[in-house]
Amino acid sequence: MYGTVGRMKVKPGKMQDVRDNMLDPQGASAKGFRGLHFLVADEGNEAVVAVIFEDKDSYTAMVHDPKTDENFGKLMTMLEGEPSWTDGEWHSSSPA
């Protein structure tokens, strides 16, 4: 699996809007999409998102989709600056 982790500083009063934007079910229809986790930090106006795709090709296709650019433009109006992104291969564990 492949994906990204994004860290973002949210404008005051916009956390719910950012959450709704990131958890929009329309994004779940992207080919290879496996899941998204959205974390609201206890302190400050910081949010962290983890996005998981089946493979790097599916993730790359989503990144270059014009709908992604449109959605990102909306997201940027709610943030204090550009998010930081770390892309890579996911490895995970879960309880037995």
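Heads up: the structure comes first, above all this text.
Residues numbered from 1 in each chain as written. Predicted model: local features only at pLDDT ≥ 70, side-chain atom pairs only at ≥ 80, totals over all residues. Heavy atoms only, no water.

Engineer: Can you lay out the overall build of the protein for me, pointing to particular residues and giving the numbers?
Structural biologist: Within the protein one finds 3 helices and 4 strands. In the protein, the order of α-helices and β-strands from amino to carboxyl end is β-α-β-β-α-α-β. In summary, the protein has a C-alpha radius of gyration of 13 Å against a globular reference of 12 Å for 96 residues, a match within 12%. The principal-axis extent of the C-alpha atoms belonging to the protein is close to 35 × 35 × 20 Å. Taking all 96 residues of the protein together, the buried fraction comes to 29%. Sequence-distant contacts, at least 24 apart, represent 67% of the contacts inside the protein between residues at least 6 apart. Carbon together with sulfur atoms contributes 52% to the accessible area of the protein, which is approximately 6400 Å² in total. Computed over 10 positive and 16 negative side-chain charges, the inter-centroid distance for the protein is 3 Å. (Helix = DSSP H or I, 4+ residues; strand = E, 2+ residues; numbered from the N terminus. Rg over C-alpha atoms; globule rule 2.2 N^0.38 Å. Buried < 20%, exposed > 50% of the residue type's maximum accessible area, 1.4 Å probe, protein only. Contact = heavy atoms within 4.5 Å. Areas by Shrake-Rupley, 256 points an atom, 1.4 Å probe, with all protein chains shown as cover. Lys, Arg positive; Asp, Glu negative; His and termini not counted. Charge placed at Lys NZ, Arg CZ, Asp CG, Glu CD.)

Engineer: Quick rundown of the packing of aromatic side chains? Include the residues and the values.
Structural biologist: The full count for this structure, using the stated rule, is 3 aromatic pairs. Seen from their ring centres, F33 and F53 are 5.6 Å apart, and the 80 degrees between their planes marks the pair as edge-to-face. Of this pair, F33 sits in strand β2 (residues 33-40) while F53 sits in strand β3 (residues 46-53), and the two are 20 residues apart along the sequence. Note on F33: relative accessible area 25%, which makes it partly exposed. For F53, a relative accessible area of 1% corresponds to the buried category. With centroids separated by 6.0 Å and ring planes inclined at 65 degrees, the aromatic side chains of F53 and Y59 adopt a geometry described as edge-to-face. Taken together, the ring pairs in this structure connect Y2, F33, F53 and Y59 into an aromatic cluster. (Phe/Tyr/Trp six-rings, centres within 6.5 Å; stacked < 30°, edge-to-face > 60°.)

Engineer: An account of the nonpolar core is needed here, citing residue identities and associated values.
Structural biologist: Ranked by internal contacts, the top residues of the largest apolar core, which has 16 residues, are M8, V10, V18 and F38. Those elements that place two or more of their residues in this core are β1 (2-9), α1 (15-22), β3 and α2 (56-63). In terms of residue count, β3 provides more of this core than any other element does, 4 residues in total. (Core = buried A, V, L, I, M, F, W, Y, C linked by side-chain atoms within 4.5 Å.)

Note that every value here comes from positions in space, so none of it alone points to a role or purpose.
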